[in-house]
Amino acid sequence: MSSPTRKHTALPKARILVEALPWLTRHHGKTVVIKFGGNAMVDEELKAAFAQDVVFLRHAGLRPVVVHGGGPQISAALDKHGIVSEFKAGLRVTTEEAMDVVRMVLAGQVQRELVGLLNAHGPLAVGLTGEDAHTITATRHQPRIDGELVDIGRVGEITDIDTGAIEALLADGRIPVVSSIARSEDDGHVYNVNADTAAAALAAALGAETLMVLTDVEGLYEDWPHSDEVISRLTATQLEKLLPELSSGMVPKMEGCLHAVRNGVNTARVIDGRVQHSILLEIFTDEGIGTMVVPDDEPDTPGES
């Protein structure tokens, strides 16, 4: 017969599992696209916790897809190769020489490490880039600065998504890990694509239940820098009105969330990747963390975090 102490310590664990039940039911069989970035990419403990979270989602009956960039790692590698990092309109100027390094770092370093962390838990993760099986196709992106179109090299604007390879991997019970590099629509080269944008485009094309974007902040702030109150939920239209006021780093993330919910994704969430297991907290608990964006016509539903 078990001791009263043991019963007492086990009870909170049981309550946590029971609290997760409505979400387990609701998300079972659903696709969730997770953009991996920020501090979670460079801190060893956060990386390991992220891998555990993604594997947990897969074993809980969800279909996770991971999309990643690699800003800090790319900057370090360019530095090592003596190539100066230059940014215009918040985007990395990517010369032919720099593109070779970007491709090497994303597909050969960041993706490999992430696949390895996931596969420590079983034969689950398969890495690919947007080049594979025409997953992401892009054309040259020229931002407008002071009214003028500016050439920033091999930076791509997504023109097409083919989900065939990802769908096949998901059907086989695998976890696709996608590097944000795209094949060219028109000139036989490859393009560096913003990973937030790529994750949003994939979420929409896959008809995902949720897009989750890991950041280095708690969420979208109500009145930054005057307040650190986080907006927990807002509609697509409310977000659209806020976009011009956002800091440059948050713009691609929030534009991605907006694109996702305007194109069939039920919820898009920006969550704090500095918190261990933030993905599980967001998906499986009553509190939820971060900022959730919903479509304009989304009614309040029970069991919504």
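Student: Explain the packing of aromatic side chains residue by residue, including any values.
Tutor: If you walk through the whole model with that rule in mind, you get 2 aromatic pairs. Considering the side-chain rings of Phe56 and Phe284, the 5.8 Å spacing of their centres and the 65° angle between planes classify their relative orientation as edge-to-face. One end of the pair, Phe56, is in helix 2 (residues 44-59); the other, Phe284, is in helix 9 (residues 278-284), with 228 residues separating them in the sequence. Residue Phe284 is classed as buried on the basis of its relative accessible area of 6%.

Student: If you had to explain the environment of Leu57 to someone new, which residues and values would you point to?
Tutor: Structurally, Leu57 can be placed in helix 2. Ignoring sequence-local partners within four residues, the contact set of Leu57 consists of Val32, Ile34, Leu62, Pro64, Ile279, Leu280, Ile283 and Phe284.

Student: Outline the pairing of strand 13 (residues 210-215), supporting the account with residue identities and numerical values.
Tutor: Judged by how many residues are buried, strand 13 sits mostly within the fold: 6 of 6 residues are covered. Judged by which residues are buried, strand 13 turns out to be covered on both faces: Thr210, Met212 and Leu214 on one side and Leu211, Val213 and Thr215 on the other are all buried. As judged from the 6 bridges shared by strand 13 and strand 15 (residues 267-272), these two strands associate in the parallel manner. Paired with Leu214 across the bridge in strand 15 is Ile271.

Student: If you had to explain the pairing of strand 6 (residues 136-140) to someone new, which residues and values would you point to?
Tutor: In the sheet, strand 6 pairs with strand 9 (residues 156-161) via 5 bridges, with the strands oriented antiparallel. The partner of Arg140 across the bridge, within strand 9, is Gly156. Both strand 6 and strand 11 (residues 181-184) contribute to a ladder of 2 bridges, which runs parallel. For Thr137, the partnering residue across the bridge sits in strand 11 and is Arg183.

Student: Tell me what's going on with a negative patch on the surface, and back it up with residues and numbers.
Tutor: A contiguous patch of negative charge, built from Asp160, Asp162, Glu185 and Asp186, is present on the exposed surface. With respect to the secondary-structure elements, Asp162 resides in the loop between strand 9 and helix 5 (164-171).

Student: I'd like a rundown of unusual backbone geometry, residues and numbers included.
Tutor: With a phi angle near 50°, Asp146 is a residue other than glycine that sits in the positive phi range. Position of Asp146 among the secondary structure elements: in the loop between strand 7 (144-145) and strand 8 (148-149). For His277, which is not glycine, the phi torsion reads 65° and is therefore positive. Of note, His277 is situated in the loop between strand 15 and helix 9.

Student: Quick one: what's the story with the sheet that holds strand 13, residue by residue and with numbers?
Tutor: Across the sheet, 8 strands lie side by side as 5-10-2-1-13-15-16-14; this open sheet has mixed pairing. Two strands bound the open sheet, and with one partner strand each, they are strand 5 (125-129) and strand 14 (233-235). Geometrically, the sheet is characterised by an average inter-axis angle of 20° between neighbouring strands, direction not taken into account. Pairing analysis gives 4 bridges linking strand 1 (residues 31-36) to strand 13, with the strands arranged parallel. Each residue of the ladder has a partner; that of Ile34, found in strand 13, is Met212. Against the sheet, helix 2 touches strand 1, strand 2 (63-68), strand 10 (175-179) and strand 13, its axis set at about 170° to strand 1.

Student: Talk me through helix 6 (residues 195-206); I want residue IDs and the actual numbers.
Tutor: Over its 12 residues, helix 6 extends 16 Å from the first C-alpha to the last, a length consistent with the 16 Å expected when each residue adds 1.5 Å. Regarding helix 6, the residues found buried are Ala195, Asp196, Ala198, Ala199, Ala200, Ala201, Leu202, Ala203, Ala204 and Leu206. Capping of helix 6 at its N-terminal end is provided by Asn194; its side-chain oxygen lies 2.8 Å from the backbone amide nitrogen of Asp196. Directly after helix 6, the chain includes Gly207, whose backbone phi takes a positive value near 60°.

Student: Would you mind going over the sheet that holds strand 6 in detail, with residue names and values included?
Tutor: Strand order in the open sheet formed by 4 strands is 9-6-11-12, with mixed pairing between adjacent strands. Each edge of the open sheet carries a strand with a single partner, namely strand 9 and strand 12 (190-192). Between one strand axis and the next, the sheet turns by 50° as a mean value, whatever way the strands run. Sheet topology note: the strand 11/strand 12 ladder contains 3 bridges and is antiparallel. Opposite Ala182, over in strand 12, you have Tyr191 as the bridge partner. Packed onto the sheet, helix 4 (residues 96-119) meets strand 11 and strand 12 and runs at close to 75° relative to strand 12. Its contacts with the sheet place helix 6 against strand 6 and strand 9, and it is angled at close to 15° to strand 9.

Rules and cut-offs
- Residues numbered from 1 in each chain as written.
- Predicted model: local features only at pLDDT ≥ 70, side-chain atom pairs only at ≥ 80, totals over all residues.
- Heavy atoms only, no water.
- Phe/Tyr/Trp six-rings, centres within 6.5 Å; stacked < 30°, edge-to-face > 60°.
- Helix = DSSP H or I, 4+ residues; strand = E, 2+ residues; numbered from the N terminus.
- Buried < 20%, exposed > 50% of the residue type's maximum accessible area, 1.4 Å probe, protein only.
- Contact = heavy atoms within 4.5 Å.
- Pairing = 2+ DSSP bridges.
- Patch = residues over 30% accessible without salt bridge, like charges linked within 9 Å, V, L, I, M, F, W, Y side chains within 5 Å.
- Areas by Shrake-Rupley, 256 points an atom, 1.4 Å probe, with all protein chains shown as cover.
- Salt bridge = Lys/Arg side-chain N within 4 Å of Asp/Glu carboxyl O.
- Lys, Arg positive; Asp, Glu negative; His and termini not counted.
- Charge placed at Lys NZ, Arg CZ, Asp CG, Glu CD.
- Axes fitted to C-alpha atoms, helices over the stretch in contact; angles between N-to-C directions.
- Expected span 1.5 Å × (residues − 1).
- Polar contact = N/O pair within 3.5 Å; in protein donor to acceptor, adjacent residues only side chain to side chain.

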